[in-house]
Amino acid sequence: MLSNPGIKILCHRVAVFLTVVSLAFFSADARVKRKSRPPQRTMESVKKDKSSTERKISETATKINSNAKELNRQLNRLNSLNADIETNRSKVRDLRNHIDSLASAINVTSDSIAVLEGELESMREAYVKALKNLQPHSGIMSDMAFVFSAGSFAEAYSRVRYLRQFTAWRERRAEKIREGIDIIAERRSHLSSLRRSQDVACRKAEEAQAVLSEQQTRSERMVNDLKKEDSALRRSLKEQKRKALALDRELDRLIAAEQARIAREEEARRKREEQARAAKDKVTKPSAGKSVDNGSEDGPSAKDIASANAPTKTAAATAASALSGSFEANKGKLLFPVAGTYKIVRKFGRQPHPTLKHVETDNSGIDIEVSKGRSARAVFTGKVSAIFKQDGFNSIVMVRHGRYITIYAGLSSVNVKAGDSVKAGQTLGAIYSDPDDGGRSILHFEIRNERQKLNPTLWVK
């Protein structure tokens, strides 16, 4: 058994050992904590990190914007290519129809030549036979001998008449044979011309078909490339829909405001006419026992009545009605909104998306692609009712033709102002050329019966 002093010494040593171990543990823990604690950042490092982050965000946004522009360029090129394909397909179809009609004409002409040749041969045979049968004396005696060999004067006279009739018949037959020969020659020439035209049409059809096949291959390649950008295409389509809906809402708002203004003006005109009629009745039908005094304070003067009757809103309404009727009467014959060559790259109404399956696009008008530097023109006489700008459509001009309205969107500059009267064919403004899309120029054109959207291709020529 240990003594008390030994126990005390042992306890002391244990306490010292535990103290040393604890100090070592706490020291190591402190070192670990010091190592794990992040270094204190300076203001300069914070600003540097912020600038780097902003630069990366800007670069990402620029890249996204660039990709979106490139995607739109590809879609526009695809729409333009599809318009070319449709044009060439129609051209090939027309050429094939022309070739078929030429083939039919060739067959008819060949048959007619065969018939004419048969008739000509029959005429020749009949002519030769007639010469043999009706002139047995030919080769034996002359016509004079044939006459003088008659037994009597009456017989001689009959022979003279016979010779004259026979000669006339022979000349007619010969003329018919000559005419038949000429007709056959003309038909043969016509047949040769038809065959040459058929050869030319066949070559053109082959060339158009080759171009069409090449265009279709390019279109399929572009479609396949664009299909890889499905999500980006859907974002682009969503943005286009947003801009189109915004334009529709703005047009509806402007048209509704104009309708309300016209209604107010019509109501004011009606009231003025009622007041003028009441004033006129008061002047022409004075109260009993009172004399008419146009200069008194009891009724309006002749000058007041003339002033009340001055607004000629009825004439304006009649003119607007006639204009509306003229516009409607010219359906299918209105001027096209651009002069010269053009391509309709987006049709009216709901159309399948060129690359996205089971997706349709909706167009309130038609999109017309033209060469750079072209202008939009009024399709009919009317009055400029509004000019405004809209995201995605640049400057927009609205022209009213009675209750009908034409809309010209995508203008870089405008040559008219609100309230101007315009004539058919008058230039309204220059069509915007997109520098981010190789200068592509597209006019968005609409026709409305107030707020009802109409298919422009049924109205313009």
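Only a predicted model underlies this, so the values are computations on that prediction, with no experimental measurement involved.

Scoring rules and cut-offs
Residues numbered from 1 in each chain as written. Predicted model: local features only at pLDDT ≥ 70, side-chain atom pairs only at ≥ 80, totals over all residues. Heavy atoms only, no water. Helix = DSSP H or I, 4+ residues; strand = E, 2+ residues; numbered from the N terminus. Buried < 20%, exposed > 50% of the residue type's maximum accessible area, 1.4 Å probe, protein only. Contact = heavy atoms within 4.5 Å. Areas by Shrake-Rupley, 256 points an atom, 1.4 Å probe, with all protein chains shown as cover. Core = buried A, V, L, I, M, F, W, Y, C linked by side-chain atoms within 4.5 Å. Salt bridge = Lys/Arg side-chain N within 4 Å of Asp/Glu carboxyl O. Polar contact = N/O pair within 3.5 Å; in protein donor to acceptor, adjacent residues only side chain to side chain. Pairing = 2+ DSSP bridges. pLDDT = per-residue confidence, 0-100. Phe/Tyr/Trp six-rings, centres within 6.5 Å; stacked < 30°, edge-to-face > 60°.

J.: I'd like to hear about the overall build of the protein, residue by residue, with values.
T.: In terms of regular secondary structure, the protein is built from seven helices and 13 strands. Each of the 461 residues in the protein was classed as buried or not, and the buried ones make up 30%. The contacts in the protein between residues at least 6 apart in sequence include a share of 71% that link residues at least 24 apart. Put simply, the protein shows about 29900 Å² of open surface, and 54% of that area lies on carbon and sulfur atoms.

J.: Describe the environment of Arg93, naming the residues involved and giving the relevant values.
T.: Positionally, Arg93 belongs in helix α2 (residues 43–134). Distance in space between the C-alpha atoms of Arg93 and Gln209 is 9.7 Å, their sequence separation being 116 residues.

J.: I'd like to hear about the nonpolar core, residue by residue, with values.
T.: Counting 27 residues, the largest nonpolar core has Phe327, Ile368, Val379, Tyr408, Leu428, Leu443 and Phe445 as the members making the most contacts within it. Contributions of two or more residues to this core are made by β4 (366–370), β7 (394–401), β8 (404–414), β10 (427–431) and β12 (440–449). If sequence neighbours within four positions are ignored, Val379 has contacts with Phe327, Leu334, Leu335, Phe336, Pro337, Thr406, Tyr408, Ala424, Phe445 and Val460.

J.: So what about the pattern of salt bridges? Which residues, and what values?
T.: Opposite charge on two side chains permits them to pair, given that their charged atoms come into close proximity. Scanning the entire structure with this criterion turns up 23 salt bridges. In this structure, the salt-bridge partner of Arg253 is Glu250, at a minimum N-O distance of 2.7 Å. One end of the pair is Arg253 and the other is Glu250, both in helix α5 (residues 230–284) and three residues apart, which spans about a single turn. Take Arg253: its relative accessible area is 46%, and that puts it in the partly exposed class. Asp420 is paired through a salt bridge with Lys417; the nearest N and O atoms lie 3.2 Å apart. Here the residues in one salt-bridge network are Asp248, Asp252, Glu446, Arg448 and Lys453, joined through shared partners.

J.: Describe in detail unusual backbone geometry, supporting the description with residues and values.
T.: The backbone of Asn394 shows a phi angle near 55°, a positive value even though the residue is not glycine. Looking at the element boundaries, Asn394 is found in strand β7. The class for Asn394 is partly exposed, based on a relative accessible area of 31%.

J.: Can you tell me about the side chain of Arg448, naming the residues and giving the values?
T.: Looking at where Arg448 falls in the secondary structure, it is placed in strand β12. Here Asp252 takes part through its side chain, which lies 3.0 Å from a polar atom of the side chain of Arg448. A polar atom in the side chain of Arg448 sits 3.1 Å from the side chain of Glu446. Once residues lying within four places of it in the same chain are set aside, the contact partners of Arg448 are Asp248, Leu251, Asp252, Ile255, Ser364, Arg403, Tyr404, Ile405, Ile407, Lys453 and Leu454.

J.: So what about the pairing of β12? Which residues, and what values?
T.: Taken across its ten residues, β12 has nine buried, putting it largely inside the fold. As judged from the five bridges shared by β4 and β12, these two strands associate in the antiparallel manner. In the sheet register, Asp367 faces β12, and the bridge partner there is His444. Where β8 and β12 come together, six bridges link them in antiparallel fashion. Across the sheet, residue Tyr404 finds its bridge partner in β12, namely Asn449. Bridge analysis of strand β11 (residues 433–434) against β12 gives two bridges, and the strand direction is antiparallel. What sits directly across from Asp434, in β12, is Arg440. Counted along the chain from β11 to the antiparallel partner β12, the turn is five residues long, and its residue Gly438 has a positive phi close to 65°. Here β12 runs beside strand β13 (residues 452–454); their pairing, made up of three bridges, is antiparallel.

J.: How would you explain the confidence of the model for the protein if you had to name every residue and give the values?
T.: Counting all residues, the mean pLDDT for the protein is 75, and 68% of those residues have values of 70 or more. Under a pLDDT of 50 for its full length, residues 287–324 has, in the predicted model, 30 contacts with residues more than four places off or in other chains.

J.: Describe the packing of aromatic side chains, naming the residues involved and giving the relevant values.
T.: Ring pairs (aromatic) are described by centroid distance and by the angle formed between their planes. Under the criterion given, the structure shown has six aromatic pairs. Each ring, one from Phe336 and one from Tyr342, has its centre 3.9 Å from the other, and the planes form 20°; the classification is stacked. For Phe336, a relative accessible area of 5% puts it in the buried group. Note on Tyr342: relative accessible area 36%, which makes it partly exposed. Taken together, a centroid distance of 5.3 Å and an interplanar angle of 55° make the contact between Tyr404 and Trp459 tilted.

J.: Provide a residue-level description of the environment of Gln240, including the pertinent values.
T.: Within the secondary structure, Gln240 is located in helix α5. If we skip the residues at most four places from it in the chain, Gln240 touches Asn72 and Leu75.

J.: Which residues make up the environment of Leu116, and what values do they have?
T.: With respect to the helices and strands, Leu116 occurs in helix α2. On the accessibility criterion, Leu116 (19% relative accessible area) is buried. Sequence separation between Leu116 and Ile183 is 67 residues, and the spatial gap between their C-alpha atoms is 8.1 Å.

J.: Run through the side chain of Glu369, naming residues and quoting values.
T.: Tracing the chain through its elements places Glu369 in strand β4. A polar atom in the side chain of Glu369 sits 2.9 Å from the side chain of Arg440. If sequence neighbours within four positions are ignored, Glu369 has contacts with Ser80, Tyr342, Lys343, Val345, Arg440, Ser441 and Ile442.

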